[in-house]
Structure formats: structure tokens, C-alpha cells
Amino acid sequence: MTDSETSVSALLDSTHGKPKLLVVDDQPINVQVMYQAFAGDYQVFMATSGEQALAICESNPPDLVLLDVVMPGMDGFAVCEKLKSTDATRHIPVIFVTAHNDPAQETHGLSLGAVDFIAKPVNPAVVRARVKTHLTLKFQSDLLRRLVFLDGLTGVFNRRYFDQQFPIEWARSMRNGSPLSLLLVDVDFFKRYNDRYGHQAGDDALRLVGATLKSGLRRPADMVARYGGEEFACILPDTAFEDALLIAQDLEHQVRQKKIPHDQSSVGPVMTISLGLATRIADAPGDGPALIGLADALLYRAKNTGRGRAVG
Ligand code: GH3
Ligand code: MG
Ligand code: MG
Ligand code: MG
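(A) Geometry of the coordination of the magnesium ion (ligand 4). For the magnesium ion (ligand 4), the full set of protein donor atoms is Asp186 (OD), Val187 (O) and Glu230 (OE), and the range of their distances to it is 2.0 to 2.2 Å. Positions of the donor residues of the magnesium ion (ligand 4), expressed as sequence spacing, correspond to D-V-x42-E. Between the magnesium ion (ligand 4) and the magnesium ion (ligand 3) the interatomic distance comes to 3.6 Å, and aspartate 186 is a ligand of both metals. A residue pair is termed long-range when its members are at least 10 positions apart, and valine 187 in strand β6 (residues 180-187) and glutamate 230 in the loop between β7 (223-228) and β8 (231-237) qualify at 43 residues.

Structure (C-alpha cells):
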């Protein structure tokens, strides 16, 4: 085994166990050939139509898709286009496998975002080698995305991701005329907590608060980021003020329920958070930074009116 193979298998083991492969072909015999080429080293899932393939990608995203082009109903090109235009599936590499391998088709497939194009009849050893190459690249780019966009201490998104995502959500909200809610969250008396229980315990508490906020947000589009030292920000797309206020109050309650001892807190004796909530409503003047400023001002008000509460 070469060094790069060793490091790749280590990466596979640490992140995924057996990689998940989705084979899509309307001819059961072709699916069978692929199954035999990959069963053993991979978890192989199969679909015999484009619609079925999309359903599997949505419910149980594979690490790579081997995709037939010509199928009755939704063809492979349409499936690829749909996968690439959806946030949750755009990072799944797609390899087209087709008998219609003229240059125009191949160029079209690659322009839709596929990573490779393989001609039928397939040579199993060649397909295996190409799949392995693309999976290696996929896992490396997954790792890079995690390093770039996740906070190293808490595992929630980091400030860099927030700064990238918030303007996107703001623009989407403007375009759709939908509300956009923003929560700024700050741990109460956290300096005293560090002084009393130590920095290590402080780090553990921040991890727990981050995890509690993350699990407390229910919609897939909601996201939490570590905004600064002991501050978090939650973006709630398409969420009206009244609903966001209930969520904010629930998050406050859930952190309190973790019962992290804090005998130096004037709110305590457990750790609490304060939250500021601001919502963009249709046709209201202002911009993204103004919404952040408003949420910050309301957080400040939560601090000044007793902490351990949400103010909107
Ligand atoms: P308030 O209720 O007004 O928010 O008071 P506070 O003590 O929480 O606010 P202050 O801004 O005075 O203190 C924040 C503290 O958070 C100070 C800093 O050392 C601590 N902190 C920031 N990042 C980390 C971290 O990553 N780990 C730990 N353990 N502490 C951190
Ligand atoms: Mg076909
Ligand atoms: Mg603070
Ligand atoms: Mg604080």
C-alpha cells in the first residue's frame, strides 16, 4: 500500500466506514454487474429510475452515484441537474455510465457537474479504480470543508460560515418576501464560570451549549454558528417573529435544563444564556448588518433586564 492509499483508507475508516455507492440503471442486469464489482468494499444501493435515485439521495445520501443516462421517465442528466442544484446533495460526486458516449453527450454531462463519464460495457476493474479516485477526492474536500467551516471547539459552524451564509439567507429572504429571524446568544457570567471552575470546564460547557442549541433547532435550514468567544448566532430562515420567539425561549429553557452548575451566576445556580431576536419582515427598510445590530441591541437588553431570557 502506498502512503496515499494508507491515509485515504484511514480517512474512510474514521469518517464513514464502508463508503456508500448508489448505482442507477433502468436495466437490472447492468445494476447486477455493478453490484458484483463493488459489493464487499462498499455499501451498494440500487435504483432503477431517476425518481427512485433522487428519493434515495434525499433520505440516505450516498458518497458517490454511478448514473445511467438513458432511462424512461427522468433521465440521468435531469437527475444530475437536480442533485447539483440542491444544497444537501450538490457535494455528491456523479459518474455517468452510458452506451451513448459521443463527445457532445460527454461534454454535456460534465457541464452539469458530473466528475466523470464511463462508456458501457464497463470494465469492472476500471470502474472500481475511477470510483476510488473520486471518493478519495470527495473525502478530502469534505474534510477541507469541515476544517474551513466548523468551529474546532464546539463542532457547530464557525464565524466564517456565518459571514458567508447570512448574506445568502438575507438575499433569499428579500427575493422570496419571506421572514428571516436571527438570534444572538451569549452565555451569562461566563468569565466568572471560568474563574470558578477552570478554563477546561469552560470549554466543556461551551461544547454542551453549542450542542444544545444545535439539537434545539428543528428545521434542516436552521443553523447555529459560534459567533465569538461565548457567543452563538442562529439563522432561522422563513421563520416569523412569533415562532422565532418561541424557539428562543425554548433554547433558553433547554440550556437551563442541562443544569450545568454555576454558583457564581447571579441568575443561577446553573448556567443560563441570554438571547436577542430580530426578524426581517417583508418591505421593511434596512440591511443585513442592521438586523445583526438590532439583535445585538436586544441581547444587550436581555442582559440588562436580568439575563437568562430571550428579548425580541
Ligand atoms: P455576561 O453575562 O455579561 O455576558 O458576562 P460574561 O462574563 O459572560 O461576559 P464577558 O464578555 O465579560 O466574558 C466572556 C468570557 O468568555 C471571557 C472569556 O475568557 C471567555 N471565553 C471566551 N472564549 C472562550 C473559550 O473558548 N473557552 C473558555 N473556557 N472561555 C472562553
Ligand atoms: Mg438505460
Ligand atoms: Mg459575550
Ligand atoms: Mg457572556
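(B) How the structure looks around the site of ligand 1. Neighbouring residues of ligand 1: 17 residues in total, closest Phe189, Phe190, Asp203, Arg226 and Arg307. One of the backbone nitrogen or oxygen atoms of lysine 191 is found 2.8 Å away from an oxygen atom of ligand 1. Among the elements of the structure, β6, α8 (190-197) and α9 (199-216) are those that each provide at least two residues to the shell around ligand 1. Among the elements that take part in the shell around ligand 1, α9 stands out by supplying 4 residues, more than any other. Grouping the amino acids of the shell around ligand 1 by side-chain chemistry returns 5 nonpolar, 4 polar and 8 charged.

(C) Summary view of the side chain of serine 181. Considering the arrangement of structural elements, one finds serine 181 in strand β6. On the basis of relative accessibility, which here comes to 0%, the residue serine 181 falls in the buried class. Within the structure, serine 181 has its side chain in polar contact with the backbone oxygen of threonine 239 (distance 2.7 Å). Aside from chain neighbours lying at most four places away, what touches serine 181 is Cys234, Ile235, Leu236, Thr239, Ala240, Phe241, Ala244, Leu277, Ala278 and Thr279.

(D) Looking closely at the coordination of the magnesium ion (ligand 2). Taken together, the protein ligands of the magnesium ion (ligand 2) are Asp26 (OD), Asp68 (OD) and Val70 (O), with distances of 2.0 to 2.1 Å. In terms of primary sequence, the donors binding the magnesium ion (ligand 2) are separated according to D-x41-D-x1-V. Given the relative accessible area of 45%, valine 70 is considered partly exposed.

How each quantity is defined
- Residues numbered from 1 in each chain as written.
- Chains lettered and ligands numbered in written order.
- Predicted model: local features only at pLDDT ≥ 70, side-chain atom pairs only at ≥ 80, totals over all residues.
- Heavy atoms only, no water.
- Donors = N, O, S within 2.8 Å, 3.2 Å for Na, K, Ca; no water.
- Helix = DSSP H or I, 4+ residues; strand = E, 2+ residues; numbered from the N terminus.
- Near = heavy atom within 4 Å.
- Polar contact = N/O pair within 3.5 Å; in protein donor to acceptor, adjacent residues only side chain to side chain.
- Nonpolar A, V, L, I, M, F, W, Y, C, P; charged D, E, K, R; others polar.
- Buried < 20%, exposed > 50% of the residue type's maximum accessible area, 1.4 Å probe, protein only.
- Contact = heavy atoms within 4.5 Å.

So, to be careful, I would describe these as geometric facts and stop short of saying anything about function.
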